[in-house]
Amino acid sequence: MTTAPSRPGRGRSAALPSGPYEPPPAVRPTPAGFEVAFEGEDGRRKVFSLALLPLPGWHEDLAAAEAVRFGPTGTCRTLNSAEHVHNSARLLLTSLAELDEPPATAGDLRESHLLRLRMQLQNNSKSGAFLTRFGAVVTLLRCLPAGRLRPEVQDFLGRRGHVAGRSPEGLPGYSDREFTAIVTAARSDAAAIRDRIAAGERRLARVQAEGLDVFEGQDRIDAERLLRLARTGTARGIPNGRTLPPGVPGNQWRLQLARQLFLTERDVLPLLILAVAVTGRNVETIKELPAEHRVLEDRAVAVGLLKRRRSKSASRETVHWEVGPPSRQLHTPGGYYLLLHKLTTPSRLLCGTDRLWSIYAGMHGRTAKNAAYWDAKQESAGHVAPFTLRMNSLGRPTLTEWAASHGLRDDDGGPLSVRMNRIKTTVEVRTTRALGGHLPTASRTNTLDVSFRHYLKPDPRIRDWAERVMTQALTDAEDHARATTTRVLDEAAEKAMATDPHTAAKLLGTTPDKIAQARDGQLDTLVSACLDFDHGPFDDGPCRQSFLTCLRCENALVLEKHLPVLLALLDRLQAELDATNVADWCRRHAVTWLILTRRVLRRFTTAQIERARQTKPSDLPLTLLDGPKEIA
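First things first, this report covers the structure right here in the doc. (Residues numbered from 1 in each chain as written. Predicted model: local features only at pLDDT ≥ 70, side-chain atom pairs only at ≥ 80, totals over all residues. Heavy atoms only, no water.)

Observations concerning the packing of aromatic side chains
Each pair of aromatic rings is reported with the distance of its centres and the angle of its planes.
Here's step 1: Under the definition given, this model contains 6 aromatic pairs.
Here's step 2: Of the aromatic side chains, those joined through ring pairs into one cluster are F38, F48 and F70.
Here's step 3: Here the basic side chain of R422 rests over the ring of Y174, its NZ or CZ set 4.1 Å away from the ring centre. (Phe/Tyr/Trp six-rings, centres within 6.5 Å; stacked < 30°, edge-to-face > 60°. Lys NZ or Arg CZ within 6 Å of the ring centre and 35° of its normal.)

Written out as structure tokens, the structure is:
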């Protein structure tokens, strides 16, 4: 029975040595060759051997470089990243060994050898993937012991551009119809798994309560098998009697028997798909879910997450997931987590893991690649935490086979390609849309930059939605500008005001004296006349706003004599637009610009505007545009 090492946490102190501690050497020379031990922060460990790689004169130096990458100052935190580093060493030595005169040691390496490797990768890789593979080789070579490489090779490795490259954008999410189809299929599978195990537990409870004597014939045989399965935890050794259908292998029959009480490999994939869709977390985080949790007043469950793609300081996070009513356990993240915990508990008690996922994998299927996985099954009667040794240790079906079994089709009618990262992207997009595009609130699992670059930006649906939101925002701004109550008198209205000031005053909601003062310029501000300076809509008492606010004020009155200053103001706004950031300019002056161009100037004739251009001032008193200043 295997038990994952305990980690520090609430109520658990970090393990400390009792005396002087000397860590074991990372590089181990053996008769077969050099080995490098790796132990990741996620509890996975492996010993990498360089014995089978070509060019043995490189092995000691590359082993030391791998030890640096694996060590506390390195960046390898998981087994997958460590395997990528070792594969980089294999790639380098395999490529060099193909040369007619390969460099026997690191000191024989030349810049031309690395340029050849880069060209080889570029010719054999798609898009910019060669940068990633070549960059990994460069990073490994930079970790070689000092003095091993020629100075010109050191200079080459220190140049920029080997590792840096354009970050690939993520795949777009699914349409609402495609996403609904995927989630519906996964939810139906999860419901069937839940009901299957619940039915098996009811049968077992009946057998335990009533005993075997109440059963006869085949029912008694089935009851005996179920009771033995529950007692031993394994279907191995249970005889099939005469009930095995023709052509069904014994291992497959025993696996079907175990499915009455335990999850199996075929159950994990749909459960993972639904977990990603319900929680919005990436699949690596879902695979690392712990069994330890706290239920908070039957309303939420607190779970500690391990985020493999974050830095060391941000790799762990405690989340609080809503539980909801029992009828919604396949819809709420907390309810679904508790369901998974219940389904995996019988198997987890037998394999002893502290992680959530645990299944019955049987006692068969040993190959050279999964020897460690097979050994773990032998120690725990066929029960194993499927992702303890490797993150991708899943059996059938594949995502493609699962989608085909449910007849999932894309919007074009072709087979739907189901990908975990696209499901995660779809959840990110739907959450962002639901929250009105407010990224600080919507970005729950990533930083704002990561959410935008890898989840939102590549998605055509979020771009279409954002464009519609921006169009609506601009329309609202224009409508707001058009809805302002600034009174603009065209040529005919101004003549009528001079002829009949009483009627004009009634229409404008003021007095004839105010009309006369406005015509004589006694009420002029910078860009208009103010009919009521002491009772503005923006302040209590005398107005303290900038003169640009006059264009949005119900007390403002624009006459032809104000046109020269308005044209000068328009020129000044254009100059500021050319000299400043567009977003800042829009925030400060967009409404003023719309009012001037769409409402005020259109009320005047071309002849009036041309006459005003001739008397337009060359500059404006800009200090007056910011409102009154306090004078010391």
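What follows picks up the thread again.
What to know about the pairing of strand β5 (residues 300–306)
Here's step 1: With respect to burial, β5 is a largely interior element, 6 of its 7 residues being buried.
Here's step 2: Of the strand pairs in this sheet, strand β4 (residues 294–296) and β5 are connected by 3 bridges, and their pairing is antiparallel. Within β5, the position partnered with L296 by the bridge is A300.
Here's step 3: The loop that links β4 with its antiparallel partner β5 comprises 3 residues; one of these, E297, has a positive phi angle of about 55 degrees.
Here's step 4: Where β5 meets strand β6 (residues 316–322), 7 bridges bridge the pair, whose relative direction is antiparallel. Its bridge partner lying in β6, A300 is registered against E322. (Buried < 20%, exposed > 50% of the residue type's maximum accessible area, 1.4 Å probe, protein only. Helix = DSSP H or I, 4+ residues; strand = E, 2+ residues; numbered from the N terminus. Pairing = 2+ DSSP bridges.)

Digging into helix α2 (residues 79–97)
Here's step 1: Helix length check: α2, at 19 residues, gives a terminal C-alpha distance of 27 Å against a target of 27 Å (1.5 Å per residue), a fit within 8%.
Here's step 2: Those residues of α2 not exposed but buried are L79, A82, E83, V85, H86, S88, A89, L91, L92, L93, S95 and L96. (Expected span 1.5 Å × (residues − 1).)

Concerning the pattern of salt bridges
Here's step 1: Within this structure, the stated rule accounts for 19 salt bridges.
Here's step 2: R225 is the salt-bridge partner of D222, the closest N and O atoms lying 3.6 Å from each other. Here D222 and its partner R225 are both found in helix α7 (residues 217–232), 3 residues apart, which amounts to about one turn of the helix.
Here's step 3: In this structure D222 comes out as partly exposed when scored by relative accessible area, which is 36%.
Here's step 4: Connected via shared salt-bridge partners are R196, R259 and D267. (Salt bridge = Lys/Arg side-chain N within 4 Å of Asp/Glu carboxyl O.)

Considerations on the side chain of H383
Here's step 1: Relative to the assigned elements, H383 resides in strand β8 (residues 383–384).
Here's step 2: Here the side chain of H383 touches G233 through a polar contact of 2.4 Å, landing on its backbone oxygen.
Here's step 3: A polar atom in the side chain of H383 sits 2.8 Å from the side chain of S347. (Polar contact = N/O pair within 3.5 Å; in protein donor to acceptor, adjacent residues only side chain to side chain.)

Remarks on the sheet that holds β4
Here's step 1: Strand order in the open sheet formed by 3 strands is β4-β5-β6, with antiparallel pairing between adjacent strands. Each edge of the sheet is formed by a strand with only one pairing partner; in this case those strands are β4 and β6. On average, adjacent strands in this sheet sit at an angle of 30 degrees to one another, irrespective of strand direction. (Axes fitted to C-alpha atoms, helices over the stretch in contact; angles between N-to-C directions.)

Description of the environment of Q208
Here's step 1: Among the secondary structure elements, Q208 is positioned in helix α6 (residues 176–210).
Here's step 2: Its relative accessible area of 53% is what places Q208 among the exposed residues.
Here's step 3: When the C-alpha atoms of Q208 and A223 are compared, they prove to be 9.4 Å apart, with 15 residues separating the residues in sequence.

With respect to the nonpolar core
Here's step 1: Counting residues in each nonpolar core, the largest one holds 51 residues, and the members touching the most others are I182, I273, Y336, W357, W402, V418 and I423.
Here's step 2: Secondary-structure elements contributing two or more residues to this core are α6, α9 (265–279), α10 (283–287), β5, β6, α11 (333–351), α13 (399–405) and α14 (420–434).
Here's step 3: Broken down by element, the residue count for this core peaks at 10 residues, all from α9.
Here's step 4: Those residues in contact with V418 that lie beyond four places of it in its chain are Y174, I182, I273, L399, W402, A403, L408 and I423.
Here's step 5: Ranked by size, the runner-up nonpolar core spans 37 residues in total, among them A65, L91, L93 and A106. (Core = buried A, V, L, I, M, F, W, Y, C linked by side-chain atoms within 4.5 Å. Contact = heavy atoms within 4.5 Å.)

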